Amino acid sequence: MLKKQEPGHELVSLPELESHSSLDTEQVVQPSLAAKKEFTTNLIGWILQGGVVLSSMVILIGLFMMSLQPDKFAPQKLESFPQTFSQVWIGLLTLRPQAVITLGLLLLIATPVMRVAASIVTFAIERDRRFVTITTLVLLLLLFSIFYVGAVVVVGQHQSFQHGKYSWIYPALIFLGSIAAGLLGSLVGLGGGVLIVPLLTLVFGFPIYFAIGASIISVIATSSGAAAAYVRDHMTNLRVGMFLELSTTTGALCGAFLAGLLAQNILSIIFGIILLISAAPLVFKIGEELPQGVKNDRWANWFHLNGSYPDHHLHREVSYQVTRTPLGLAMMYLAGLISGLLGIGSGTFKVIALDEIMRLPLKVSTTTSNFMIGVTAAASAGIYFSRGDIPPLIAAPVALGILIGALIGARLLARLSNKVLRIIFLAVIAVAAIEMVLHGFGIT
């Protein structure tokens, strides 16, 4: 017998029930997926921000302790600093200021490593086995570089260096110059090293191996400071960044080893020529706001590399796809090689690979480059540290200035047009490239 329809109730057919059921399921699944992605970006942002704050506090404590010493800025202090993990530990036990500053720098180097480790957890939460595997490989490469290559394979020890004019004005001016470098570096995805190396060698007269060591720190500082904001604002493509870091970390290991075998003037000339070459293709695309006609290739579909970002200049959400992924992967190995060789983060090559080859929008290219350069630099930082190329009295003001500049730049980027970013990008690398080539040939 058929039941009578009771007042206030309606009979619903089976198809209608199925329709309502599938709709409810979608409404439950979609928020769940969105919540997982939001947790992922927040976790990575917190780790980057926490690492920056902790390392900055330790560096500031060390600088304060240094300021209490009577010979705080004596020239010989430039070379008298801990150069191994055991020396840092012994210095901390005796409360040596340089050891405290070095600990802060090591915590900064550890920040991108912790970010990679956290990414494994976030991809596991999203049940993305492919990226759990990829990210684990990147972490293993980093740990191998820092704890084995950096501690065992030390090549190209440098001669002693004395800077007779060093005084308190030097770290103060380095700090101010680093703020400008961090701001520009975070805007165009270069990491700040593109300006730090010329600043320290041409303006302050430090050897290029000290400049490159400080630049490695500046790259990590820019990446950690700016990337925290970019990740939370959903402007960085996390999957593209993690996937390409497989190539950049491998290249950085090779480059850092080669750097100790080349003369200073050769490094300067290589630096300048690479920058000029990398800038040339961008001249023809200054007016482009967004790439057109881009379709996902097979690799991009397989790894889900496409995405979207909020563009405050265009006042809308911009969706994009990714192409020529294998060529971009090869270019990233070259970028990592150059990063390890020259200590610049190789942001120029990363941006070109992402923008020119893989055809991501420029804002996504620069923010993803910023996200990646810290990991690339950390892969070679262990070698530079063990070789004694990261003097605390130079690297500390660089790190603090770069962090402030990077945070300012992160606030500005979302409001600038891609055309303005291209112009800034070209101007910065053109000036730095010409100066470094001239310096390599002995022309100041």
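Up top you'll find the structure we're talking about.
Described in the following lines is the structure provided in the data block. All values derive from a computational prediction rather than experimental measurement.

Counting its regular elements, the protein contains 15 helices and 2 strands. Residues classed as buried in the protein amount to 56% of the 444 residues present. Long-range contacts, defined here as pairs at least 24 residues apart, represent 84% of the contacts in the protein between residues at least 6 apart. Just so you have it, the protein exposes about 19100 Å², and 67% of that area is on carbon and sulfur atoms.

Phi angles above zero are rare outside glycine, and Arg324 is one such case at about 45°. Tracing the backbone shows Arg324 in the loop between β2 (316-320) and α11 (325-342). By relative accessible area, Arg324 is classed as partly exposed at 41%.

Under the definition given, this model contains 3 salt bridges. Arg115 is paired through a salt bridge with Glu245; the nearest N and O atoms lie 3.0 Å apart. Linking Arg115 in helix α3 (residues 97-125) with Glu245 in helix α8 (residues 238-259), this pair joins segments that are 130 residues apart in sequence. Of the two residues examined, Arg115 and Glu245, each falls in the buried class. With a closest N to O distance of 3.1 Å, Arg239 and Glu126 form a salt bridge.

So, on to the packing of helix α12 (residues 347-357) against helix α13 (residues 362-386). The angle between the axes and the distance between the axes are what describe a pair of packed helices. The interhelical angle for the contact between α12 and α13, taken along N-to-C directions, is 135°, at an axis separation of 9 Å. Relative to α13, the element α12 is oriented oblique. Here α12 runs over α13; the crossing is right-handed. Here Gly347, Lys350, Val351, Leu354 and Asp355 of α12 come into contact with α13, specifically with Leu362, Ser365, Thr366, Thr368, Ser369, Met372, Ile373 and Thr376. Counted by class, the contact of α12 with α13 contains 5 nonpolar, 6 polar and 2 charged residues.

The next subject is the pairing of strand β1 (residues 307-311). As defined by bridge partners, β1 adjoins β2 across 5 bridges and the pair is classed as antiparallel. Directly across from Tyr309, in β2, lies its bridge partner Val318. The hairpin formed by β1 and β2 contains 4 residues between the paired strands, and His315 there has a positive phi angle of roughly 60°.

Further remarks concern the packing of aromatic side chains. Within this structure, the stated rule accounts for 10 aromatic pairs. Measuring from ring centre to ring centre gives 6.4 Å for Phe204 and Phe206, while their planes differ by 25°; the resulting arrangement is stacked. Residue classification places Phe206 among the buried residues on the basis of a relative accessible area of 4%. With 6.2 Å between their ring centres and 65° between their planes, Phe243 and Trp299 make a pair best called edge-to-face. Note that Phe243 is positioned in helix α8 and Trp299 in helix α10 (residues 298-303), a separation of 56 residues in sequence.

What follows is about the environment of Pro82. Its place among the elements puts Pro82 in the loop between α1 (14-67) and α2 (85-93). Pro82 sits in the buried class, given a relative accessible area of 3%. Separated by 310 residues in the primary sequence, Pro82 and Pro392 place their C-alpha atoms 8.9 Å from one another. In this view, Pro82 contacts Gln87, Val88, Gln98, Ala99, Thr102 and Phe385; residues no more than four positions away in its chain are not counted.

A word on α12. Most of α12 sits inside the fold, with 11 of its 11 residues counted as buried. Of the positions making up α12, those classed as buried are Gly347, Thr348, Phe349, Lys350, Val351, Ile352, Ala353, Leu354, Asp355, Glu356 and Ile357. Taken from the residues just after α12, Arg359 is the one with a positive phi, measuring 65°.

Rules of the game
- Residues numbered from 1 in each chain as written.
- Predicted model: local features only at pLDDT ≥ 70, side-chain atom pairs only at ≥ 80, totals over all residues.
- Heavy atoms only, no water.
- Helix = DSSP H or I, 4+ residues; strand = E, 2+ residues; numbered from the N terminus.
- Buried < 20%, exposed > 50% of the residue type's maximum accessible area, 1.4 Å probe, protein only.
- Contact = heavy atoms within 4.5 Å.
- Areas by Shrake-Rupley, 256 points an atom, 1.4 Å probe, with all protein chains shown as cover.
- Salt bridge = Lys/Arg side-chain N within 4 Å of Asp/Glu carboxyl O.
- Axes fitted to C-alpha atoms, helices over the stretch in contact; angles between N-to-C directions.
- Parallel < 35°, antiparallel > 145°, perpendicular 65-115°, else oblique.
- Left-handed = near helix turned anticlockwise from the far one by under 90°.
- Nonpolar A, V, L, I, M, F, W, Y, C, P; charged D, E, K, R; others polar.
- Pairing = 2+ DSSP bridges.
- Phe/Tyr/Trp six-rings, centres within 6.5 Å; stacked < 30°, edge-to-face > 60°.

Shape is all these values report; function is a separate question.
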